[in-house]
Each structure stands twice: as C-alpha cells, then as structure tokens.
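Working through the structure, step by step
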Amino acid sequence: MDLETRATADDHRALRLWLRLLMVTGGNITGIVDQLVKEGLVERVDDAADRRAWRVRLTRAGNKAFAEMARAHEEWVVGLLSGLSRRDSDALMQLLARLKQVTLEKS
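Note that the structure is a prediction, hence the values are computed from the model and not measured.

1. Examining the pattern of salt bridges
Scanning the model with the defined rule gives five salt bridges in all. For Glu43, the salt bridge goes to Arg57, with nearest N and O atoms at 2.7 Å. With Glu43 in strand β1 (residues 42-46) and Arg57 in strand β2 (residues 54-58), this residue pair connects regions lying 14 residues apart in the sequence. Across the pair Arg55 and Asp47 runs a salt bridge whose closest N-O atoms are separated by 3.8 Å. Exposure remark for Asp47: the relative accessible area of 15% places this residue in the buried category.

2. Considerations on the packing of aromatic side chains
This structure, assessed with the given rule, holds zero aromatic pairs. The ring of Trp54 carries the charged tip of Arg44 above its face, separated from the ring centre by 5.1 Å.

3. Digging into the side chain of Ser89
Within the fold, Ser89 resides in helix α5 (residues 86-106). Residue class for Ser89 comes out buried when judged on its relative accessible area of 7%. Here Ser89 is in contact with Arg13, Leu17 and Leu84, once residues within four sequence places are set aside.

4. Brief notes about the side chain of Asp47
When you line up the elements, Asp47 lands in the loop between β1 and β2. Not counting residues up to four positions away in its chain, the partners in contact with Asp47 are Ala53, Trp54 and Arg55.

5. Focus: the nonpolar core
In terms of nonpolar packing, the biggest core is built from eight residues, these being Ala14, Leu15, Leu17, Trp18, Val77, Leu81, Met93 and Leu96. Those elements that place two or more of their residues in this core are α2 (13-22) and α5. The element best represented in this core is α2, accounting for four residues. Not counting residues up to four positions away in its chain, the partners in contact with Trp18 are His73, Trp76, Val77, Leu80 and Leu81.

Rules used throughout
Residues numbered from 1 in each chain as written. Predicted model: local features only at pLDDT ≥ 70, side-chain atom pairs only at ≥ 80, totals over all residues. Heavy atoms only, no water. Salt bridge = Lys/Arg side-chain N within 4 Å of Asp/Glu carboxyl O. Helix = DSSP H or I, 4+ residues; strand = E, 2+ residues; numbered from the N terminus. Buried < 20%, exposed > 50% of the residue type's maximum accessible area, 1.4 Å probe, protein only. Phe/Tyr/Trp six-rings, centres within 6.5 Å; stacked < 30°, edge-to-face > 60°. Lys NZ or Arg CZ within 6 Å of the ring centre and 35° of its normal. Contact = heavy atoms within 4.5 Å. Core = buried A, V, L, I, M, F, W, Y, C linked by side-chain atoms within 4.5 Å.

None of the figures reported here should be taken as evidence of function without further support.
Structural data, given as structure tokens:
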C-alpha cells in the first residue's frame, strides 16, 4: 500500500494531492533509508519472518525531527495548493489518479 492510499478523509486534501504527485516507489526508498541511518534518524531491524527484509523504525532523534518536519511540510503543501478551488482540486486528483493507473499498467 502506498502513502497516498493510507491517507484518510481527515487528512488535508492538499496533502493527499501532494502524495499522488510524488508516486513514491520502493526503488527510491533504499538510498533515502541509507542516508537516514547514517544520520541516526532511523534504524534497520531484522525481520524475523523474512531474512531478506528489514523493518525500518525511527529513533528517538528521528521521531523528534519527523514531528518538526511534518508540521512544516504540511503548512508548505497546504499553502502551495491553497489557490486551487475545490473543483480544480477534485479534477487534479482525478487526473493524477489516471496518470498513476496508466503508469502502473505500463510497468
């Protein structure tokens, strides 16, 4: 399940649009996790059910940094997309959903 799918109706519509725009994949996560481990913000934990996999969890410093970044990021995204009307926002969400579907069908 991707980040956009996990967003709920209670989340800001702007954040749901932003997640749809990013289309984050597992392929670009590994490099990000490597850097976060180096910075002491996350740690990898062996997955007992699958020896080929790890679970990644925030460290105490990671939790603190994430809370600060998430608050600032939400304000930025909401401000960025605040000029869209509800109608434009709905249309953009539908178009991006279609783009995501077409992209997944081609891969």
